[in-house]
Amino acid sequence: MQAWQTFKTGYYRWEDASAKLIERFFRSPLLLRPVSSAISELSGAFGKHRNWRDACIARLGLPTRREQEQCLYLLDSMYSKILDLEERLGNGVGPAVLAEAQDLGPAVPEAIASDTES
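Residues numbered from 1 in each chain as written. Predicted model: local features only at pLDDT ≥ 70, side-chain atom pairs only at ≥ 80, totals over all residues. Heavy atoms only, no water.

1. Some words on the overall build of the protein
The number of helices and strands found in the protein is five helices and zero strands. When the helices and strands of the protein are listed from N to C terminus, the series reads α-α-α-α-α. Put simply, the protein has 118 residues, and 7% of those count as buried. Entry remark: accessible area of the protein is about 10500 Å², with carbon and sulfur atoms responsible for 63%. (Helix = DSSP H or I, 4+ residues; strand = E, 2+ residues; numbered from the N terminus. Buried < 20%, exposed > 50% of the residue type's maximum accessible area, 1.4 Å probe, protein only. Areas by Shrake-Rupley, 256 points an atom, 1.4 Å probe, with all protein chains shown as cover.)

The structure is reproduced here in structure tokens:
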């Protein structure tokens, strides 16, 4: 048991000392300047590549990622509106409107629209 405690204390001391050295190294301007400029160049190249890729996809007539996201947003909003309408119909708003609509005959869409908007 004594050997384990000795190893454990030595390991913790080594870990603490090496962590301090590594942290000082990573905060050094000698490392930060080149790394930050490399990251800036890479992000600029990535942006140019993304624009080029989107232009190629648009030339083929396919929707770009942005257009797909816009369509998904519209579909999601329509889906939530449908869920809201189903909930309103489930709460008893719907049966009265549907009963009136059956009496009206061909003017059903106008009757439903006027009753559900109020």
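2. Brief notes about the packing of aromatic side chains
Here the structure, examined in full by the defined rule, presents five aromatic pairs. Consider the rings of Phe-7 and Tyr-11, whose centres lie 6.3 Å apart with planes at 25°: the pair is stacked. Within this pair, Phe-7 and its partner Tyr-11 are both found in helix α1 (residues 2-26), separated by four residues, close to a single helical turn. Geometrically, the ring pair formed by Tyr-11 and Trp-14 is tilted, given 5.8 Å between the ring centres and 40° between the ring planes. (Phe/Tyr/Trp six-rings, centres within 6.5 Å; stacked < 30°, edge-to-face > 60°.)

3. Quick notes on the pattern of salt bridges
Counting across every chain of the model gives four salt bridges. Glu-23 is the partner of Arg-27 in a salt bridge, and the nearest nitrogen-oxygen pair spans 3.3 Å. For Arg-27, a relative accessible area of 62% corresponds to the exposed category. Notably, a salt bridge pairs Arg-53 with Asp-54, separated by 3.9 Å at the nearest N-O pair. Exposure remark for Arg-53: the relative accessible area of 31% places this residue in the partly exposed category. Looking at Asp-54, the relative accessible area reads 23%, which means it is partly exposed. (Salt bridge = Lys/Arg side-chain N within 4 Å of Asp/Glu carboxyl O.)

4. Remarks on the confidence of the model for the protein
When pLDDT is low, close inspection of the predicted coordinates is not appropriate. For the protein, the mean per-residue pLDDT works out to 82, and 77% of the residues sit at or above 70. Overall, residues 111-118 carries pLDDT values under 50, and its contacts beyond four positions in sequence, including any with other chains, amount to eight contacts. (pLDDT = per-residue confidence, 0-100. Contact = heavy atoms within 4.5 Å.)

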